[in-house]
Amino acid sequence: MMDAILGADEWQKRWVQSKHRSDYGKFRIGAGRFYGDREKDIGLQTTQDTKWYAVSARFRPFSNEGQTLVVQYTVKYDQQVDCGGAYIKLFHEDLKQEILNEDSQYYIMFGPDICGEHKKIVQVIFNYKDDYYFIKKNITCETDDFTHLYTLIVRPDLTYEVKIDNYVAESGNLEDDWDFLPPKKIVDPYMPKPDYWDERETIEDPMDKKPDDWDQPERIPDPGVEKPDDWDEEMDGEWAPPLIPNPEYRGIWKPRIIKNPNYNGIWVQPEVDNPDYKPDPDLCKYFNISVIGLEILQGKSGTIFDNFLITNDEQYAEDAGNEMWGATYEREWKRRERQDVVYNKINEKQEPKGKEAKKGKNGKVLNVKDEL
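Residues numbered from 1 in each chain as written. Predicted model: local features only at pLDDT ≥ 70, side-chain atom pairs only at ≥ 80, totals over all residues. Heavy atoms only, no water.

(A) A look at the overall build of the chain. A count of helical and extended segments in the chain gives five helices and 22 strands. Put simply, the chain has 372 residues, and 41% of those count as buried. A separation of at least 24 residues holds for 72% of the contacts in the chain among residues at least 6 apart in sequence. A total accessible area of about 22200 Å² is found for the chain, and carbon and sulfur atoms account for 49% of it. (Helix = DSSP H or I, 4+ residues; strand = E, 2+ residues; numbered from the N terminus. Buried < 20%, exposed > 50% of the residue type's maximum accessible area, 1.4 Å probe, protein only. Contact = heavy atoms within 4.5 Å. Areas by Shrake-Rupley, 256 points an atom, 1.4 Å probe, with all protein chains shown as cover.)

Written out as structure tokens, the structure reads:
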């Protein structure tokens with residue numbers, strides 16, 4: 001399944017807007033404030049701030065049993081994103097698209113998710129036996145306002161890759177990076193630390209003895225002060241000289257510290273095979289995959305989704321990404337740079353350089369709008 005968003009009317013024939021809520025945000029098609037190609041970069045764009053969105057498209061059902069599953073699409077934050085999801089979901093063919101909502105059961109959720117300064121991640125969530133499992137690794141998503149390509153690859157050998165702009169951002173094994181299954185090993189409950197085990201790396205030296213003259217008082221009577229002649233013990237009480245620090249005082253005695261000759265190291269409780277662990281070669285194997293959907297909440301609207309692709313061919317996905325996204329990405333950067341230069345000059349109330357030389361085929365001088 002491959003879908004580059006069509007024209008103003010055509011996309012609505014393919015994509016179904018959910019009616020589960022009456023206040024869902026509306027989509028339009030658009031290429032954004034700047035683009036590489038005005039036609040090729042048109043995508044589904046959110047239009048209303050602080051709204052839930054729910055739209056989906058159906059395709060011929062298939063299973064990824066025994067084959068690779070590749071899910072790929074592009075995201076462009078055409079706004080200064082603050083908080084919002086830009087991920088896609090894959091559903092079973094039984095999904096009723098007209099009532100798609102946040103509680104609709106899905107197979108896979110994949111894509112960027114941003115909320116504030118501290119949550120800027122790529123979500124990779126799998127449904128396994130009707131429970132959802134989040135990836136344990138932190139994959140940072142892109143947050144600028146350029147178009148980016150997101151690709152998830154799930155192989156039958158239980159390995160996976162997450163690619164951003166056709167570069168591998170994360171990879172590994174499904175069993176290692178999600179908690180689908182109980183751990184292979186557990187601590188042996190019948191193997192406690194032996195009584196003789198000594199974890200003290202250093203000890204007090206048993207051969208070190210306190211010197212006989214060590215114990216001296218911390219303060220002593222001041223020998224330079226005598227009892228005043230007019231001191232009346234009946235009225236003033238028993239006279240005692242003031243105390244001063246004892247120059248002979250050496251503090252509290254402690255034996256010196258030496259390495260423990262009986263040190264055994266830190267006790268690590270042995271592990272044994274977990275009797276509850278059973279490998280499952282069918283992790284993330286799904287039947288009758290038939291719907292792709294955008295079920296998201298967005299703070300600031302303007303996000304553009306395009307170039308949806310589901311295939312079993314990794315190389316085809318990479319080539320398609322380079323053709324659909326890569327071919328216009330570089331032009332998108334150049335157009336943005338030109339746009340920034342022009343707008344900066346406008347803000348500075350300066351005339352763009354070379355304006356007189358920029359003319360159309362009819363000899364008309366191009367204005368800023370024409371140029372952009």
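Structure shown, so let's carry the discussion forward.
(B) A look at the packing of aromatic side chains. This model, assessed by the stated rule, comprises 19 aromatic pairs. Aromatic ring contacts, followed pair by pair, group Phe 126, Tyr 128, Tyr 133, Tyr 160, Trp 178 and Phe 180 into a single cluster. The ring of Tyr 24 is capped by Arg 21, whose NZ or CZ atom sits 5.8 Å from the centre of that ring. (Phe/Tyr/Trp six-rings, centres within 6.5 Å; stacked < 30°, edge-to-face > 60°. Lys NZ or Arg CZ within 6 Å of the ring centre and 35° of its normal.)

(C) How the structure looks around the pairing of strand E10 (residues 119-128). Most of E10 is tucked away: eight of the ten residues are buried. The pairing of strand E9 (residues 108-115) with E10 spans eight bridges and is classified as antiparallel. Each bridged residue has a counterpart across the sheet, and for Pro 112 the counterpart in E10 is Val 122. Here E9 folds back onto E10 in antiparallel fashion, the turn holding three residues, of which Gly 116 has a positive phi close to 75°. Relative to strand E11 (residues 131-134), E10 is paired through four bridges, and the arrangement is antiparallel. Directly across from Asn 127, in E11, lies its bridge partner Tyr 132. (Pairing = 2+ DSSP bridges.)

(D) Local environment of the pattern of salt bridges. Summed over all chains, the structure comprises 25 salt bridges. A salt bridge links Asp 78 to Arg 33; the shortest N-O distance between them is 3.7 Å. Remark: Arg 33 occurs in the loop between strand E3 (27-30) and strand E4 (43-46) and Asp 78 occurs in the loop between strand E6 (69-77) and strand E7 (83-85); sequence separation between them is 45 residues. Residue Arg 33 is classed as partly exposed on the basis of its relative accessible area, which comes to 42%. Where salt bridges share partners, they join Arg 33, Lys 76, Asp 78 and Asp 145 into one cluster. (Salt bridge = Lys/Arg side-chain N within 4 Å of Asp/Glu carboxyl O.)

(E) Structural context of the nonpolar core. Of all hydrophobic cores here, the largest spans 61 residues; its most connected members are Val 124, Phe 126, Leu 174 and Phe 180. One finds Ile 153, Leu 309, Ala 320 and Met 324 within the second-largest nonpolar core, a separate group that totals six residues. (Core = buried A, V, L, I, M, F, W, Y, C linked by side-chain atoms within 4.5 Å.)

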